Amino acid sequence: MTKPTEHSQEKATFPVAKLCACLVTLCCLSVTLYVMFQSLHLVHVTDSHGASHTMMTYKQDPEELMALAGIVAGEDDNVHFTAYNGNLASLSIERAEPVTIYADGQTFVANLAGGTVERALEECGVTLGEHDYTEPSLHTELTGERTVTVHRVEYRDTITHESIPHETEYVYTSLYYRNPSRTQVLQHGHDGVNEITSRERVVDGQVESSQVVSVVQTVAPQNTIIKAYKAGAPVSPLEGPEVTNGVPASYKAVYSGRATGYSASRGRGASGLGLSYGTVAVNPNLIPYGTKLYIASPDGKFVYGYAIATDTGTALMNGTCLVDLFYETYDESLMNGVQQVNVYVVG
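This structure is a prediction, so every number in the text was calculated from the model and none was measured. (Residues numbered from 1 in each chain as written. Predicted model: local features only at pLDDT ≥ 70, side-chain atom pairs only at ≥ 80, totals over all residues. Heavy atoms only, no water.)

Let us look at the sheet that holds strand 19 (residues 292-296). Strands pair in a sheet through their backbones, by hydrogen bonds, and they do so in one of two ways: parallel or antiparallel. Judged by pairing direction, the barrel is mixed, and its six strands sit side by side in the order 17-21-18-20-19-22 before closing back on the first. Strand-to-strand, the axes of this sheet are offset by a mean angle of 45°, without reference to chain direction. Pairing geometry for strand 18 (residues 279-281) and strand 21 (residues 323-326), over two bridges, is antiparallel. Across the sheet, the residue bridging to Ala 281 is Asp 324, located in strand 21. (Pairing = 2+ DSSP bridges. Helix = DSSP H or I, 4+ residues; strand = E, 2+ residues; numbered from the N terminus. Axes fitted to C-alpha atoms, helices over the stretch in contact; angles between N-to-C directions.)

In structure tokens, the structure reads:
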């Protein structure tokens, strides 16, 4: 048997070493390719004008991605980069578009990529007053129609005055039975005044609406009061039992006699009670002070009405007259002079 030489041994081991080197190289290449694949991203680049580009790259910087895609973002454009699940990424460019704002007779233009009407106003330095408004409204997103109109609103108050007509009241009395056409003005009337405040809503210099916001009476109307004749109407304002055919429904006694009239500037009678229509002077020995009476002429033409005995006088005490009727004016006290009356003692 022939013994292998040293040269033949070297030839036998060479293929093995070469194969190992190739395997190592393949492994390194595979690792490198795997690492490179892991770092690659599928990026979809779009803009709001319809441009679209898809590419494989390991870059993630938006500026570099746009450069690779050949897409340039403007100064006012919005760039959004979003990576999804592993190697899929998205880069979108929202292009700025002009927004036209009409305000105060001027036109303003702002380049905006999205945003609201409010942001467009801020960009143009247009401010709103308390009542101003915009079309579309402030928080409307700027899509589609990109024009904004600013409406200036102010409220103006105007004051007008309106007359309040006064009325005529009649106070009826039988005191004038001898002259039924006679009248007396007790109070002269006058019209009142209402102050009316109206508020106008003015939009862009034009009155849009108006409404009354307050009505204040600055002068109260005063009615004219006229005293006039009416058959059976009492002089006195006092009230008592129902009267039928000139006679009260109930009474304790009745006296007939002469009645006179008087007036006085002092405020109290001999009894200490006050003096006014409905108080009369009597002989307190016959009719005690405080007694309630009903007084009328027998024919019913004159009716003094219900009264209270509060005063006296010489003619009453000496029997010259039965009752002295109080009037608030001297002229009225003289008007009917002396006349016959029935005095009913009611209580």
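Don't stop here, the text continues.
As a further point, take the nonpolar core. Counting residues in each nonpolar core, the largest one holds 28 residues, and the members touching the most others are Val 280, Leu 293, Ile 295, Tyr 304, Val 323 and Leu 325. Residue assignment for this core shows that the elements contributing at least two residues are strand 17 (253-262), strand 18, strand 19, strand 20 (303-311), strand 21 and strand 22 (339-345). Among the nonpolar cores identified, the runner-up in size contains 13 residues, and Ala 103, Leu 112, Val 117 and Cys 124 belong to it. (Core = buried A, V, L, I, M, F, W, Y, C linked by side-chain atoms within 4.5 Å. Buried < 20%, exposed > 50% of the residue type's maximum accessible area, 1.4 Å probe, protein only.)

Okay, the sheet that holds strand 8 (residues 147-151) next. Spatially, 6-5-8-7 is the arrangement adopted by the four strands of the open sheet, whose pairing is mixed. Across the chains shown, the open sheet's two edge strands, defined by having one partner strand only, are strand 6 (106-112) and strand 7 (133-135). Each strand axis lies, on average, 25° off the axis of its neighbour in the sheet, ignoring direction.

Side-chain pairs of opposite charge can arise whenever the charged atoms involved come near each other. Across all of its chains, the model carries ten salt bridges by this definition. The partner of Arg 95 in a salt bridge is Asp 47, and the shortest N-O contact between them spans 2.9 Å. In this pair, Arg 95 is assigned in the loop between strand 4 (88-94) and strand 5 (97-103) and Asp 47 in strand 1 (residues 41-47), connecting sequence segments 48 residues apart. By the burial criterion, Arg 95 is buried, and Asp 47 matches it. (Salt bridge = Lys/Arg side-chain N within 4 Å of Asp/Glu carboxyl O.)

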